[in-house]
Amino acid sequence: MTCEDPPMRKILFTGLLRPPLTEPAPRPDDGALAELGRQLDRAARRRLGRSLAIRQVDAGSCNGCELEIHALSNAFYDVERFGIHFVASPRHADVLMVTGPVTKSMREALERTYAATPAPKWVVAVGDCGVDGGCFAGSYAVVGGVSAVVPVDLHIRGCPPSPTALLQGLLALLEQASASSAARP
Amino acid sequence: MALFELATNGIGVLSLSCPDGRFPSVAARHPPALRLERTIRDLFGLEAEGLTDIRPWLDHGGWGVRHPLGGRIDAIPERTPYPFLPAEGESLHQIPVGPVHAGIIEPGHFRFTANGETVVRLEERLGYVHKGVEGLMAGADIATAARLAGRISGDSTVAYAVAFARAVEAAAAVEVPTRAVHLRALMAELERLANHFGDIGAVCNDAAFALMQAHCGVLRERVLRAADACFGHRLMRDRVVPGGVAADLDEAGRGQLRDLLDRIRRRFPELVDLYDNTPSLQDRTVSTGVLAPALARHYAAGGHVGRASGRAFDARRTPGYPPYDGLRFDVPVLEAGDVNARVWIRIREVEQSLGLVDQLLADLPAGPLAVELPCMAGEGMALVEAFRGDVLVWLRLDPDGRVARCHLRDASWFQWPLLEAAIEGCIVADFPLCNKSFNCSYSGHDL
Ligand code: SF4
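Predicted, not measured: the structure shown is a model, and the values here were computed from it. Along every chain, residues carry numbers that run from 1 in the direction the sequence is written. Written order decides the labels, with chains lettered from A and ligands numbered from 1. This being a predicted model, a pLDDT of at least 70 is required before a residue's local features are given, and a value of 80 or more before pairs of side-chain atoms are given or counted; all residues contribute to the totals for chains, interfaces and linings. The basis for every side-chain value is the complete set of heavy atoms in the structure, and neither hydrogens nor water enter the calculation.

**Student:** Before we move on, could you go through the environment of G337 of chain B and cite the residues and values that matter?
**Tutor:** Residues and elements named next belong to chain B. Tracing the backbone shows G337 in the loop between α11 (316–320) and α12 (339–362). The exposure class of G337 is buried, given its relative accessible area of 0%. Here the alpha-carbon distance between G337 and S309, two residues 28 residues apart in the chain, equals 4.3 Å. By definition, any uninterrupted DSSP run of H or I lasting at least four residues is a helix, any uninterrupted run of E lasting at least two residues is a strand, and each is numbered from the N terminus. Burial classes: relative accessible area under 20% of the type maximum marks a residue as buried, over 50% as exposed, and values in between as partly exposed (1.4 Å probe, protein chains only).

**Student:** Just give me the short version of the pattern of salt bridges, but keep the residues and values in it.
**Tutor:** Residues and elements named next belong to chain B. The salt bridge criterion pairs a side-chain nitrogen of Lys or Arg with a carboxyl oxygen of Asp or Glu, the two atoms within 4 Å. Using the criterion set out here, one finds 33 salt bridges over all chains in the structure. Residue R225 pairs with E221 through a salt bridge whose shortest N-O separation is 2.8 Å. Here E221 and R225 lie together in helix α6 (residues 210–231), a separation of four residues that amounts to about one turn. Here R225 falls in the partly exposed class, since its relative accessible area comes to 27%. Residue class for E221 comes out buried when judged on its relative accessible area of 1%. For R307, the salt bridge is made with D314, and the minimal N-O distance between the two is 3.8 Å. Per residue, the accessibility class of R307 equals that of D314, and both read buried. One salt-bridge network, held together by shared partners, links E189, R192, R307, D314, R316, E349 and E385.

**Student:** Any details on the pairing of strand β14 (residues 403–409) of chain B? Residues and values, ideally.
**Tutor:** Residues and elements named next belong to chain B. Most of β14 sits inside the fold, with five of its seven residues counted as buried. Two strands qualify as a pair provided that DSSP identifies no fewer than 2 bridges between them. Here strand β13 (residues 389–397) runs beside β14; their pairing, made up of six bridges, is antiparallel. Bridge pairing links W394 to H407 in β14. Between the antiparallel neighbours β13 and β14 lie five residues, among them G401 with a positive phi of about 80°.

**Student:** Mind laying out the interface of chain A and chain B, listing which residues take part and the relevant values?
**Tutor:** Here, residues are in contact when the closest pair of their heavy atoms is within 4.5 Å. Between chain A and chain B, the residue contacts involve 52 residues of the former and 56 residues of the latter. Roughly 4,300 Å² of surface becomes buried between chain A and chain B when both sides are summed, with 61% attributable to carbon and sulfur atoms. Two parts placed together each lose some accessible area under a 1.4 Å probe, and the buried area is that loss summed for both. When residues of chain A are sorted by the area they lose upon contact with chain B, I11, S105 and Y140 of chain A head the list and together hold 17% of the total. Our count for the chain A to chain B interface comes out at three salt bridges. Taken together, the elements giving at least two residues each to the side of chain A that touches chain B come down to α1 (6–17), β1 (52–58), α4 (64–71) and α5 (107–116) of chain A.

**Student:** Just give me the short version of the packing of helix α5 (residues 178–206) of chain B against helix α7 (residues 251–276) of chain B, but keep the residues and values in it.
**Tutor:** Residues and elements named next belong to chain B. Remark: α5 packs on α7, axes separated minimally by 13 Å, with the N-to-C direction vectors making an angle of 25°. Here α5 is positioned roughly parallel relative to α7, judged by the angle of their axes. Of the two possible hands of crossing, α5 and α7 adopt the one that is left-handed. Residues L186, L190, F197, I200 and C204 of α5 form the contact with α7, whose own contacting residues are L257, L260, I264, F268 and Y275. Just so you know the grouping, Ala, Val, Leu, Ile, Met, Phe, Trp, Tyr, Cys and Pro go in nonpolar, Asp, Glu, Lys and Arg go in charged, and all remaining residues, Gly too, go in polar. Of the residues in the contact of α5 with α7, the class split is 10 nonpolar, no polar and no charged. Angular values range over 0 to 180 degrees, each being the angle between N-to-C directions of two axes fitted as lines to C-alpha atoms, with helices fitted over their stretch in contact. Angles below 35 degrees are treated as roughly parallel, those above 145 as roughly antiparallel, those between 65 and 115 as roughly perpendicular, and all remaining angles as oblique. With the far helix as reference, a near helix turned anticlockwise by less than a right angle produces a left-handed crossing, and one turned clockwise produces a right-handed crossing.

**Student:** Explain the site of the ligand to me, and be specific about the residues and the numbers.
**Tutor:** Near is defined per residue: the residue qualifies when any heavy atom it owns lies within 4 Å of the molecule or strand. Contacts to the ligand come from S61, C62, G64, C65, G127, D128, C129, G158, C159 and P160 of chain A together with R151 and R237 of chain B. Near the ligand, residues from chains A and B are present, making the site a shared one. Put simply, the grid is 1 Å and covers the protein atoms alone, a cavity is a trapped set of points that fit a 1.4 Å probe, a pocket is an open set with protein on both sides within 12 Å along at least five of seven lines, and lining residues have an atom within 4 Å of a point. What decides whether a molecule sits in a cavity or pocket is whether more than half of its atoms lie within 2 Å of the grid points. A molecule is said to occupy a pocket when more than half its atoms come within 2 Å of that pocket's grid points, and by this definition the ligand occupies the largest cavity. Those elements giving two or more residues to the shell around the ligand turn out to be α4 and α6 (128–132) of chain A.

**Student:** Quick one: what's the story with α1 of chain A, residue by residue and with numbers?
**Tutor:** Spanning 12 residues, α1 of chain A covers 17 Å between terminal C-alpha atoms, matching the ideal 16 Å at 1.5 Å per step. If you check which residues of α1 of chain A are buried, you get P7, M8 and I11 of chain A. Down the axis, α1 of chain A shows its buried residues gathered within 100° of arc, on one side only. Pointing more than 90 degrees away from the buried face of α1 of chain A are the exposed residues P6, R9, F13, L16 and L17 of chain A. Here the buried face of α1 of chain A lies against α6 and α7 of chain B. One fewer than the residue count of a helix, multiplied by 1.5 Å, yields its expected span. Directions from the helix axis toward the C-beta atoms define the arc.

**Student:** Outline the layout of surface pockets, supporting the account with residue identities and numerical values.
**Tutor:** Residues and elements named next belong to chain B. Grid points are joined across faces, edges and corners, and a volume is the space filled by probe spheres set on the points. Quantified by volume, the largest pocket comes out at close to 1,900 Å³. Along the wall of the largest pocket there are 47 residues; nearest its centre are M1, A2, L14, I40 and H407. No other element matches helix α1 (residues 34–44), which puts six residues into the lining of the largest pocket. A breakdown of the residues in the lining of the largest pocket according to their chemical character gives 31 nonpolar, seven polar and nine charged.

**Student:** Give a description of the sheet that holds β1 of chain A that names residues and reports values.
**Tutor:** Residue and element names in this part refer to chain A. In space, the five strands of this open sheet follow the order β2-β1-β3-β4-β5, with parallel pairing throughout. Both edges of this open sheet fall to β2 (84–86) and β5 (154–156), since each of them pairs with a single strand only. Adjacent strand axes in the sheet meet at a mean angle of 30° when their direction is disregarded. Where β1 lies against strand β3 (residues 95–99), five bridges are found, and the strand directions are parallel. Considered in β3, the bridge of D58 is made with T99. The sheet strands contacting α4 are β1, β2, β3 and β4 (122–126), and the helix crosses β3 at an angle near 140°. On the sheet, α5 packs against β1, β3 and β4 and is oriented at approximately 170° with respect to β3.

**Student:** Before we move on, can you summarise the pairing of β13 of chain B with the specific residues and values?
**Tutor:** All names here are of chain B. Where burial is concerned, most of β13 is hidden: eight out of the nine residues are buried. As judged from the nine bridges shared by strand β12 (residues 378–386) and β13, these two strands associate in the antiparallel manner. The residue bridging G380 from the neighbouring strand is L395, located in β13.

**Student:** Explain the nonpolar core to me, using residue names and the numbers behind them.
**Tutor:** Ranked by size, the top nonpolar core spans 134 residues in total, and within it F164, M212 and F231 of chain B carry the most contacts. Sort the elements by how many residues they give to this core and α5 of chain B lands first, with 14 residues. Buried residues of nine kinds, namely Ala, Val, Leu, Ile, Met, Phe, Trp, Tyr and Cys, make up a nonpolar core once their side-chain atoms join them within 4.5 Å. The next biggest cluster of nonpolar side chains, apart from the first, holds 27 residues, and it includes Y77, F82, L154 and L167 of chain A.

**Student:** Please provide a residue-by-residue account of the confidence of the model for chain B, values included.
**Tutor:** On a range of 0 to 100, pLDDT expresses the predictor's confidence in each residue. Looking at chain B as a whole, its pLDDT mean stands at 93, while 100% of the residues score no less than 70. Reported confidence for the predicted complex is 0.93 by ipTM and 0.93 by pTM.

Rendered as structure tokens:
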């Protein structure tokens, strides 16, 4: 990168003058808070703090859910300001974010990714497909639902869920984690 | 089998019954048909006589059934090792990548054979996201099948919905109201804009230039928000239905779309300027991942992959379909065939799409949004230009108006093999960049 380039300098400079696009945080989703009722244990609280490392696994999605998960990182939602970030390896992850009806050809890869994620770990199933296979349920090629393969802590519905819905679900997960963390003896 | 002759723009559909379960291999003479014939073997159990590569393609052995669309034989799920093609020579090593990748992308396996940093051979193995959509469609009512069609490849949900709807309308011989035709095109161009912004940003990001992605991401988000405000869904899913459309555009919506165009026209040129004048970025994209025009022609590569390598094909123009036959737009073509050319094609197409949205907004006919579909048997086919290339849908309807059979072919079928060719001789580290510049669909291919 060469900072002398006029177009880049101009863009960076005008960027300083424009107001930020990032929007206030939505309220954590009540339904998600209820689903997450499970008490986090002490080790989990210590580990999670106020940050979540997410490893996304596409287990047979139509790629629609991925588009909206990507959007979480744009300037409007800026998911990193909440300490939520996407990581490249399941070994670095607290959360597996799984999309799709789980095709039979992705089942093993999902199981192995889950096994490679260190405990404590959470699984968030994203999209209507992840609940029960959605409109692909009943096909010879899908297992039908993420929870049929790995235990799921939170479902975020939608086809695909909007970035706001995704954010509300993730904030509920964070809130749950930090609430139990504050109550730590 | 659908055939297209470039010289005359003629389209033909051939049917061949295979009572003894065999048909002469097309791939034996025309390699682009290879993966399709391997798929026919997997799904229907029909043998292509003369087919040289008889490894399974979509069937990874885990379905518990063989030939699910043909004679259906129960099978014990078992995963047999997949024999990759050999590469021989001194000091070659293999790098297996996937199916789970490091980013937020779809699953597939890439087997690189490299000599040091240089890729000697890339072999793809796809099929991980095969959901059996054509199996689910057989016997489904039209509304259910249309929903499935809109979920073949989420990024092209409008294009697929239009292609499926047009095929149904061809089979049932119905005319769609002109307002619906215009609204379909409007949604299709918004989808193209959103995807092109996403891709331009993502290619630059894979060249370690995150600034472009940040700005393109804002433009993409603005398109999706406008789509949500106007049509009630960010990706405009299920808004195009057989017979017409399921969402109207009111005066407020028109105003919102005009504002959107204004904003894009104010911001996009400076991003193009940024792309064009950042040497570190050009250093990565120029002359990387070159696809030779002859190969693009041979594989009839659609979309930006073909048009960046000299193939001036765009389904909106040839065979063409309404309302595009009455609209002004150019089909940009370049010859260089590298990552840079594929980015420039997208940039030019953004400009064309803006012009198309202008025209569509200026001249939106009044009238009904949809017509009733008659219950009748028939066969129909449609070719529609999605942002990544031509989507073909063929289907046959039963006398009770249900789908008897439906086949949906993504442009990716003929682009994926070309990625293998384009990466040859590049360094391994350029693969993400090349891959993104193609941006083939996994789900659209795996079905
Ligand atoms: S929930 Fe909808 S958008 Fe998400 S993968 Fe399934 S079909 Fe696609």
